[in-house]
Amino acid sequence: MLIIVPPSESKRPPPGTGRPVDLEGLSFPELTTMRTRIVDALVSTSARPDAFWRLQVRPSNAAEVARNTRLLELPARPASEVYSGPLHEGLDAGGLSRGARQRAEQSLVVASALWGLLRLSDRIPSYRLHVCSRLVGMDRLEPTWRKVLPRVLAAAAGPDGLVLDLRSPTYQAIGMPVGLGDRTVTLRVDQRSVGHRIGDVVAKRIRGHAAHLLLESAA
């Protein structure tokens, strides 16, 4: 089984001290060249006067944009501790049992606009980068990642078993597992099933909780 989750816009701030990211030490080493190229482009873009426009953020995010310029120097922590959005709250990686945590490390990947694919234990810094950002020398990231991610996702999925894709269409655009359409399912939350509309935050949390339950079930 392979569970694909998105990153989150919200991230916990970096710790005060610690080792920086080791690009060559991340999972899926075949993505190292592309990661290095995107990291370098993000650092350069974040130092430009038009950084807010290129990264599609407001001036209120100035501190996060400035932090991008020191991306390779910032203390890193496991991805499971970096992402803090509602889907990752529902996933609650820190609350998984030992067996479920081991299954997550083997069966779950985070599909990121910056890193491509990550395992929960991969150590990364906090950063600000939306998939629709326009980086210097690269422009949009969806077509960039689509050149490599479909094959890597298919290899991660293995020869059999379910592929559960919990990403939004925006993040699915960076790559779907090639040739596995008959094994791939998505989870959509009916946001009007209880007589009133469920908010997007709750819907994301439900998708994350579904992954948590699936990992605990050992199904």
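Higher on the page you've got the structure.
My aim in this report is to walk through the structure given alongside it, one point at a time. What you see is a predicted model, and the numbers here were worked out from it, not measured in a lab. (Residues numbered from 1 in each chain as written. Predicted model: local features only at pLDDT ≥ 70, side-chain atom pairs only at ≥ 80, totals over all residues. Heavy atoms only, no water.)

1. With respect to the overall build of the chain
Here comes step 1: The number of helices and strands found in the chain is ten helices and seven strands.
Here comes step 2: Its C-alpha atoms give the chain a radius of gyration of 17 Å, near enough to 17 Å, the size a compact globule of 219 residues would have.
Here comes step 3: Along the three orthogonal principal directions, the C-alpha set of the chain runs to about 50 × 40 × 35 Å.
Here comes step 4: Taken across its 219 residues, the chain has 50% of its residues classed as buried. (Helix = DSSP H or I, 4+ residues; strand = E, 2+ residues; numbered from the N terminus. Rg over C-alpha atoms; globule rule 2.2 N^0.38 Å. Buried < 20%, exposed > 50% of the residue type's maximum accessible area, 1.4 Å probe, protein only.)

2. Details of the pattern of salt bridges
Once the charged atoms of two side chains with opposite charge are near each other, the side chains can pair.
Here comes step 1: Tallying each qualifying case throughout the model produces seven salt bridges.
Here comes step 2: For glutamate 64, the salt bridge is made with arginine 128, and the minimal N-O distance between the two is 3.1 Å. With glutamate 64 in helix H3 (residues 62-68) and arginine 128 in the loop between strand E5 (123-124) and helix H7 (142-146), this residue pair connects regions lying 64 residues apart in the sequence.
Here comes step 3: Residue classification places glutamate 64 among the partly exposed positions, given a relative accessible area of 24%.
Here comes step 4: One salt bridge in this structure joins arginine 140 and glutamate 142, with 2.5 Å as the shortest N-O distance.
Here comes step 5: The network of salt bridges with shared partners includes Glu9, Glu64 and Arg128. (Salt bridge = Lys/Arg side-chain N within 4 Å of Asp/Glu carboxyl O.)

3. Here's the deal with the packing of aromatic side chains
Here comes step 1: Using the criterion set out here, one finds two aromatic pairs in the structure.
Here comes step 2: Relative to tyrosine 127, the ring of tyrosine 83 lies with its centre 6.4 Å away and its plane at 90°, an arrangement referred to as edge-to-face. Of this pair, tyrosine 83 sits in the loop between helix H4 (79-82) and helix H5 (86-91) while tyrosine 127 is found in the loop between E5 and H7, placing the two residues 44 residues apart along the sequence.
Here comes step 3: Here a set of aromatic residues connected by ring pairs shows up, and it is made of Tyr83, Trp115 and Tyr127.
Here comes step 4: Directly above the aromatic system of tyrosine 127 lies the positively charged group of lysine 11, at a separation of 4.4 Å from the ring centroid. (Phe/Tyr/Trp six-rings, centres within 6.5 Å; stacked < 30°, edge-to-face > 60°. Lys NZ or Arg CZ within 6 Å of the ring centre and 35° of its normal.)

4. Quick notes on the sheet that holds strand E3 (residues 108-112)
Here comes step 1: Read across the open sheet, the five strands follow the order E4-E3-E1-E6-E7; overall the sheet is mixed. Of all strands in the sheet, those bounded by a partner on one side alone are strand E4 (116-118) and strand E7 (184-186). Pairwise comparison of adjacent strand axes, ignoring direction, gives a mean angle of 25° for this sheet.
Here comes step 2: Both strand E1 (residues 2-5) and strand E6 (residues 163-165) contribute to a ladder of three bridges, which runs parallel. If you follow leucine 2 over to E6, its bridge partner there is valine 163.
Here comes step 3: Across the sheet, helix H6 (residues 98-107) is in contact with E1 and E3; its angle to E3 comes to roughly 50°. (Pairing = 2+ DSSP bridges. Axes fitted to C-alpha atoms, helices over the stretch in contact; angles between N-to-C directions. Contact = heavy atoms within 4.5 Å.)

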